[in-house]
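Examination of the molecular architecture
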Amino acid sequence: KQEVTQIPAALSVPEGENLVLNCSFTDSAIYNLQWFRQDPGKGLTSLLLIQSSQREQTSGRLNASLDKSSGRSTLYIAASQPGDSATYLCATAGTASKLTFGTGTRLQVTL
Amino acid sequence: SAVISQKPSRDICQRGTSLTIQCQVDSQVTMMFWYRQQPGQSLTLIATANQGSEATYESGFVIDKFPISRPNLTFSTLTVSNMSPEDSSIYLCSVDSSGGYGYTFGSGTRLTVV
């Protein structure tokens with residue numbers, strides 16, 4: 001059974017800092033890995049999707065990497081802004097198109 | 001990517017009653033997924049809904065408690081039956097968008113059972 005863990009559970013940084021969120025998974029037989037953002041009490045917004053054959057994806061200030069063999073992914077956020085404050089979730093897609101979600105990292109970017 | 005309209009966005013319900021949550025997708029999709037997010041927790045898959053067949057439920061979830069309908073390729077409902085305070089959660093529907101966009105989620109239904 002796939003298990004997905006995210007470290008750290010919570011993070012507070014001053015505005016302008018670069019930061020890295022970590023995601024690890026136990027079963028490397030994944031089809032893809034997706035990073036989401038969730039604002040309090042809201043649904044999920046997709047940030048980046050990395051297919052199993054890819055090493056990284058970039059969108060604006062966000063860069064996600066994937067190392068399937070070691071069961072790890074990172075989300076790099078450059079020049080953080082207060083609007084980036086949210087919970088970030090990673091999820092792996094396995095058989096039958098099922099997603100397994102990580103525990104989430106709660107990010108607070110302070111002025 | 002697909003766009004999902006989910007209703008209601010939130011509700012406060014009395015214990016013992018039922019609530020039906022609706023999700024409408026702007027394109028035809030084969031599978032729709034229903035998730036639960038308990039307070040302070042991550043998302044857990046409840047069931048997968050295919051059009052024309054019964055939903056497939058994950059371990060710990062049963063049809064009598066969470067009946068699902070999937071009448072066509074763009075619509076699905078999840079009912080939370082005989083509710084108790086432990087059912088207070090955010091419920092979300094999701095589809096696998098075509099074109100390599102990954103999974104898209106509805107805006108969620110925040111349910112509070114009193």
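What counts and what doesn't
- Sequence positions are assigned chain by chain, starting from 1 and proceeding in written order.
- All chains are assigned letters beginning with A, and all ligands numbers beginning with 1, in the order in which they are written.
- Totals for whole chains, interfaces and linings use all residues, but because this is a predicted model, local features are given only for residues with pLDDT of at least 70 and pairs of side-chain atoms are given and counted only at 80 or more.
- To get the side-chain values, take all heavy atoms of the structure and skip hydrogens and water.
- Secondary structure elements are taken from DSSP: a helix is a run of H or I of four residues or more, a strand is a run of E of two residues or more, and numbering for both begins at the N terminus.
- We take the radius of gyration over the C-alpha atoms and set the globule estimate at 2.2 Å times the residue count to the 0.38 power.
- Type-normalised accessible area, obtained with a 1.4 Å probe on protein chains alone, sets the label of each residue: buried when under 20%, exposed when over 50%, and partly exposed for intermediate values.
- Any two residues whose heavy atoms approach within 4.5 Å at even a single point are treated as in contact.
- Throughout, the Shrake-Rupley method with a 1.4 Å probe supplies accessible areas, and for residues the shown protein chains are the sole cover considered.
- Only four residue types enter the tally: Lys and Arg on the positive side, Asp and Glu on the negative side, with His and both chain ends excluded.
- Charge positions are represented by NZ for Lys, CZ for Arg, CG for Asp and CD for Glu.
- As a per-residue measure, pLDDT tells how confident the predictor is, with possible values from 0 to 100.
- Two cysteine sulfurs form a disulfide in these notes if their separation is within 2.5 Å.
- For two strands to count as paired, DSSP must find a minimum of two bridges between them.
- Between N-to-C directions, angles span 0 to 180 degrees; the directions come from axes that are lines fitted to C-alpha atoms, helices contributing only their stretch in contact.
- A side-chain nitrogen of Lys or Arg and a carboxyl oxygen of Asp or Glu constitute a salt bridge if their distance falls within 4 Å.

Turning our eyes to something else, we now look at the overall build of chain B. Each helix and strand counted, chain B has 0 helices and 11 strands in total. For chain B, the sequential pattern of α-helices and β-strands runs β-β-β-β-β-β-β-β-β-β-β. Taking 2.2 N^0.38 as the reference for a compact globule, 114 residues should give roughly 13 Å; the C-alpha atoms of chain B span a radius of gyration of 13 Å, in line with that estimate. Over its C-alpha atoms, taken along the principal directions, chain B stretches across nearly 40 × 25 × 25 Å. Residues classed as buried in chain B amount to 50% of the 114 residues present. Put simply, of all contacts in chain B between residues at least 6 apart along the chain, 52% involve residues at least 24 apart. Total accessible area on chain B is roughly 5,400 Å²; 47% of this is exposed by carbon and sulfur atoms. Between the mean site of the 7 positive side-chain charges and the mean site of the 8 negative ones, chain B shows a separation of 9 Å.

The next subject is the confidence of the model for chain B. Summing up the model confidence of chain B, the mean pLDDT is 93 and the portion of residues at 70 or higher is 97%. At the low end of the mean pLDDT range in chain B sits strand β10 (residues 102–105) of chain B, at 91; at the high end sits strand β3 (residues 19–25) of chain B, at 98.

What follows is about the state of the cysteines. Working definition: the covalent bond between the sulfur atoms of two cysteines is a disulfide. Enumeration over the complete set of coordinates arrives at 2 disulfides over all chains. One disulfide in the model links A:Cys23 with A:Cys90; its S-S distance is 2.0 Å. On the sign convention where negative is left-handed, the bridge of A:Cys23 and A:Cys90, at about 80 degrees about the S-S bond, is right-handed. Pair noted here: A:Cys23 is in strand β3 (residues 19–25) and A:Cys90 is in strand β9 (residues 86–93), with a separation of 67 residues, a long-range link. Judged by relative accessible area, which is 0%, A:Cys90 ranks as buried. Disulfide pairing places B:Cys23 opposite B:Cys93 at an S-S distance of 1.8 Å. Its S-S torsion of about -90 degrees marks the bond between B:Cys23 and B:Cys93 as left-handed, since a negative value means left-handed. Note that B:Cys23 is positioned in strand β3 and B:Cys93 in strand β9 (residues 89–97), a separation of 70 residues in sequence.

This part is about the sheet that holds β3(B). All names here are of chain B. An order of β1-β3-β8-β7 is seen for the 4 strands of this open sheet, with the pairing classed as antiparallel. In the strand order of this sheet, the two ends are held by β1 (4–7) and β7 (68–72), each with one partner. Going from strand to strand, the sheet's axes swing by 15 degrees on average, the running direction of each strand aside. Inspection of the sheet shows β1 paired to β3 by 4 bridges, in the antiparallel sense. Across the sheet, residue isoleucine 4 finds its bridge partner in β3, namely valine 25.

Applying the stated criterion across every chain yields a total of 4 salt bridges over all chains. Measuring nitrogen to oxygen at the nearest pair gives 2.8 Å for the salt bridge that ties A:Arg61 to A:Asp84. Taken as a pair, A:Arg61 in the loop between β6 (56–59) and β7 (62–67) and A:Asp84 in the loop between β8 (72–77) and β9 lie far apart in primary sequence, 23 residues in all. Overall, A:Arg61 belongs to the partly exposed group, its relative accessible area being 29%. Between B:Lys65 and B:Asp87 there is a salt bridge whose closest N-O contact spans 2.6 Å. With a gap of 22 residues between them, B:Lys65 in the loop between β6 (56–57) and β7 and B:Asp87 in the loop between β8 (75–80) and β9 connect regions that are remote in the sequence. Given a relative accessible area of 5%, B:Asp87 falls into the buried group.

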